[in-house]
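Residue-level structure breakdown
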Amino acid sequence: MEGIEHRMLKVNGINMHVAEKGQKGHPVVLFLHGFPELWYTWRRQISALAALGYHAVAPDLRGYGDPGSPAAAESYTCLHVVGDMIALLDALEAHDKVFLVGHDWGAQVGWYLCLFRPDRVRAFVALSVPFSPRRPKMKPVESMRAFFGEEYYMCRFQKPREIEAEIAKYGTGEVLKKILTDRKPGPPRLPIENPFGISPKASPPLPSWISEDDLKYYADKFEHTGFTGGLNYYRALDLNWELTAPWTGARVNVPVKFIVGDQDMVYTTPGVKEYVHSIDGFKKDVPLLEEPVVMEGAGHFLNQERAEEVNTLIHDFIKKF
């Protein structure tokens, strides 16, 4: 992408690729991607926010983009990834509070960052994934199995090397295309047979918001690095539950804007919509939450699918602070 600069930084013991644009010393907007994505998911936001006078920064998170990342799931806890972000901000000399934007797992990392280090965040725009308060009575994976069954995608991701083998069987490009184009409402399930529902006879067409070149960029990177790093975030869910015991009942005390598509698999998972719009739910846990924005007709990857609208919503929110 024109004008976007790339560099590798040593942060918190790992090598991290960072894409950035905009003048150094201007307010930092830190963009955090989800699974299975890369910094590239923010390509349209980086250019837009840089043009508006911000220093836009989008790293490849731990386990993405660099084949030298740790292999063990125990190295992908909330403490590791928040530690990465603090080290990154220090490396960028971002001494003032930054604006934070996260999607999917990037949103979850953002919630942890706001919870652990609110002193480093001026305001947070969360896409797709709302805050999830800790439930002290049951570990997350056990809870998901009880509510959604063993085929629920987060449960299927737990066993090392299993889903990686399925991806290899059907092909990285085809699996990524299926994930990016699927609009089936949640909760997402991956059956034992052909978990991604890929037909050998017909490949789904790409939507207008992603090109063959875009898909190739993702596929080439994941062919090189594999998927284990990204999957390890799911494999550390129960460990995160143990580590966050001291934050049971804690609230997120930074200004937040939440944006989600009405066809997002997360939003359409039973219980999520009710939590998001309940005054005793999301707003109680995040007191400085603005009215959530539900984008009609948008799916999970809304920052790519509806880039201009999302750019406007981000800017309209952060310019207040």
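With that settled, the discussion passes to the layout of surface pockets. Here the largest pocket defines a volume of roughly 1300 Å³. Where the lining of the largest pocket is concerned, the elements lending two or more residues are helix H3 (105–116), helix H4 (140–148), helix H5 (153–156), helix H10 (237–243) and helix H11 (272–277). A class-by-class count of the residues in the lining of the largest pocket yields 27 nonpolar, eight polar and four charged. Here the second largest pocket is characterised by a volume of approximately 570 Å³. Lining of the second largest pocket is provided by 27 residues; of these, Asp-182, Pro-188, Arg-189, Leu-190 and Met-265 occupy positions nearest its centre.

Quick look at empty space enclosed by the protein now. Per the counting criterion, the structure on display carries one cavity of 30 Å³ or more. The wall of the largest cavity is formed by Leu-180, Asp-182, Arg-183, Trp-209, Gly-299, His-300, Phe-301 and Glu-305. By residue class, the composition of the lining of the largest cavity is three nonpolar, two polar and three charged.

Glancing now at helix H9 (residues 228–235). Most of H9 sits out of view: seven of its eight residues are buried. Within H9, the full set of buried residues consists of Gly-229, Gly-230, Leu-231, Asn-232, Tyr-233, Tyr-234 and Arg-235. Of the surrounding secondary structure, the elements contacted by the buried residues of H9 are helix H2 (78–91), H3, H5, helix H6 (162–170) and H10.

Attention now goes to the packing of helix H1 (residues 43–51) against helix H14 (residues 307–318). The contact between H1 and H14 brings their axes to 10 Å, and the two run at 45 degrees. Relative to H14, H1 is oriented oblique. Relative to H14, the crossing made by H1 is right-handed. On the side of H1, the interface is formed by Arg-44, Gln-45, Ala-48 and Leu-49, while H14 contributes Ala-307, Val-310, Asn-311, Ile-314 and Ile-318. Taken together, the residues of the contact of H1 with H14 break down into six nonpolar, two polar and one charged.

Conventions used here
- Residues numbered from 1 in each chain as written.
- Predicted model: local features only at pLDDT ≥ 70, side-chain atom pairs only at ≥ 80, totals over all residues.
- Heavy atoms only, no water.
- 1 Å grid on protein atoms, 1.4 Å probe; cavity = no way out; pocket = protein on both sides within 12 Å on 5 of 7 lines; lining within 4 Å.
- Points joined across faces, edges and corners; volume = space filled by probe spheres on them.
- Helix = DSSP H or I, 4+ residues; strand = E, 2+ residues; numbered from the N terminus.
- Nonpolar A, V, L, I, M, F, W, Y, C, P; charged D, E, K, R; others polar.
- Buried < 20%, exposed > 50% of the residue type's maximum accessible area, 1.4 Å probe, protein only.
- Contact = heavy atoms within 4.5 Å.
- Axes fitted to C-alpha atoms, helices over the stretch in contact; angles between N-to-C directions.
- Parallel < 35°, antiparallel > 145°, perpendicular 65-115°, else oblique.
- Left-handed = near helix turned anticlockwise from the far one by under 90°.

Shape is all these values report; function is a separate question.
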